[in-house]
Amino acid sequence: AERRMKKFLGIVFLVILSQGIYAQEQTWEYPFIKALNYEERQEWNLAIEELEKSRALQEENLFVLKELGYCYAKQGEWEKAKECYEKVLFFYPEDSNAKKNLEILLENKTK
C-alpha cells in the first residue's frame, strides 16, 4: 500500500509540475528569457524566433519590442527593426532609448 501511495504521489507531482511548465510556456516571459540567452550567444535568428513568440503573447510589450528591434538591426533587417522601435514609441512616446536607437538606425541606413 505504501508503494502504491508513493507511486500515486509521484504521478500527482508530475502532473502538477507539467502543468506549471505548460503555464510558463504560455506567458511572454518564457520565450523572452530564451531569446536573451540566444542573444548572448549572438544567435540572432533563434532570438528573433523566440521574441516573435513572446510578442504574439503580448503585442504591446516594451521589452519585447525593443529587444526585437535590436535583433532585427543586428541581422541587417532595417525595416523590421524600424517598425519595432516605432511601435515602442507609439505606445511609449517618452522612451528615450527607443528614440535613440531609431535615430541611430535611420542614420546608419542612410550611409
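So, here is what we can say about the structure in this document.

Reading the values: the criteria
Residues numbered from 1 in each chain as written. Predicted model: local features only at pLDDT ≥ 70, side-chain atom pairs only at ≥ 80, totals over all residues. Heavy atoms only, no water. Helix = DSSP H or I, 4+ residues; strand = E, 2+ residues; numbered from the N terminus. Buried < 20%, exposed > 50% of the residue type's maximum accessible area, 1.4 Å probe, protein only. Areas by Shrake-Rupley, 256 points an atom, 1.4 Å probe, with all protein chains shown as cover. Expected span 1.5 Å × (residues − 1). Arc of directions from axis to C-beta.

Observations regarding the overall build of the protein chain
Here is step 1: Helices and strands together make up the secondary structure of the protein chain, namely six helices and zero strands.
Here is step 2: Reading the secondary structure of the protein chain in the N-to-C direction produces α-α-α-α-α-α.
Here is step 3: By the burial criterion, 28% of the 111 residues in the protein chain qualify as buried.
Here is step 4: By element, 56% of the accessible surface of the protein chain is carried by carbon and sulfur atoms, the whole surface being about 7,900 Å².

Examining unusual backbone geometry
Here is step 1: With a phi close to 60 degrees, Gln42 is a non-glycine residue in the positive phi region.
Here is step 2: Given the relative accessible area of 58%, Gln42 is considered exposed.

Quick notes on helix H5 (residues 78-91)
Here is step 1: Across its 14 residues, H5 extends 20 Å between first and last C-alpha, which sits within 8% of the 20 Å expected from 1.5 Å per residue.
Here is step 2: For H5, the complete set of buried residues consists of Ala81, Cys84, Tyr85, Val88 and Leu89. Along the long axis of H5, the arc covered by the buried residues comes to 135 degrees, so they all point the same way.

Everything listed here is a matter of geometry and, on its own, says nothing about what the molecule does.
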